[in-house]
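# A look at the structure
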Amino acid sequence: INNQLISERRFLQYFNEIFPVIQGRDSNLNQKLSYFEILTIFAFYIFWKKEVDYAVIETGLGGLYDATNTISSNDKLVVLTKIGLDHTEILGKTVREIAYQKAMIIQDKNTVVSFWQEESARKVIEDIVKKRKTKLFYLKEKLDRGRILFVYLVALWFLVPWFIMSLYSGEITDYYFRIGRPIV
């Protein structure tokens with residue numbers, strides 16, 4: 001938050017505060033929460049505790065059923081990257097189906113910025129934008145690859161929460177064992 005990692009002490013404090021709520025919710029569901037859903041809940045809890053005004057949040061997969069789709073705000077900015085045939089076993093077999101899944105992150109009166117999409121994806125996005133009464137802006141059809149890489153790298157810097165980076169370094173595993181209850 002504000003380019004600062006949360007301290008280990010605060011991490012453990014917040015985790016111990018929210019984990020019983022997650023456990024209670026998890027026990028009331030027929031299906032267990034996913035690791036991503038737990039991390040999303042935890043991140044939102046920290047943002048709330050730290051009174052964050054704005055946060056950059058990346059969807060986990062798609063948009064329609066994504067844990068991050070709980071954010072509802074008229075001033076939300078939605079950024080749609082290039083839509084292609086990815087995660088077809090979950091999101092759909094066609095670009096149109098995948099575009100629908102991803103564009104459903106758009107809520108009423110949001111502002112939407114999208115990379116230029118193929119026609120079938122554009123039609124889906126534009127239909128949803130019209131229904132949700134949002135503003136839509138497309139980036140140029142052909143962008144300089146260097147600029148795209150720069151924007152992507154800058155976005156990654158802000159989109160990757162520190163605790164996911166800690167996961168790859170092994171630090172999060174230590175926290176879970178100190179708490180005495182692994183959640184993965």
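Heads up: these notes are all about the structure in this document.

Conventions and cut-offs
Residues numbered from 1 in each chain as written. Predicted model: local features only at pLDDT ≥ 70, side-chain atom pairs only at ≥ 80, totals over all residues. Heavy atoms only, no water. Helix = DSSP H or I, 4+ residues; strand = E, 2+ residues; numbered from the N terminus. Contact = heavy atoms within 4.5 Å. Buried < 20%, exposed > 50% of the residue type's maximum accessible area, 1.4 Å probe, protein only. Polar contact = N/O pair within 3.5 Å; in protein donor to acceptor, adjacent residues only side chain to side chain. Salt bridge = Lys/Arg side-chain N within 4 Å of Asp/Glu carboxyl O.

What follows covers the environment of Asp-108. Position of Asp-108 among the secondary structure elements: in the loop between helix 4 (95-103) and strand 2 (111-114). A C-alpha to C-alpha distance of 8.4 Å links Asp-108 and Val-129, two positions 21 residues apart in sequence. Among all residues touching Asp-108, those that are not within four sequence positions of it are Asn-74, Arg-132 and Thr-134.

Take the side chain of Lys-102 next. The residue Lys-102 is located in helix 4 in this model. We classify Lys-102 as buried; its relative accessible area is 15%. Side chain to side chain, Lys-102 and Asp-86 meet in a polar contact 3.1 Å long. Those residues in contact with Lys-102 that lie beyond four places of it in its chain are Gly-62, Gly-63, Leu-80, Ile-83, Asp-86 and Leu-91.

Tallied over the full model, the rule gives three salt bridges. For Asp-127, the salt bridge identified is with Lys-123, shortest N-O distance 3.3 Å. On the criterion of helical spacing, the pair formed by Asp-127 and Lys-123 is a turn pair, its members being four residues apart in helix 5 (residues 119-132). Judged by its relative accessible area of 45%, Lys-123 is partly exposed.

These figures capture arrangement, not role.
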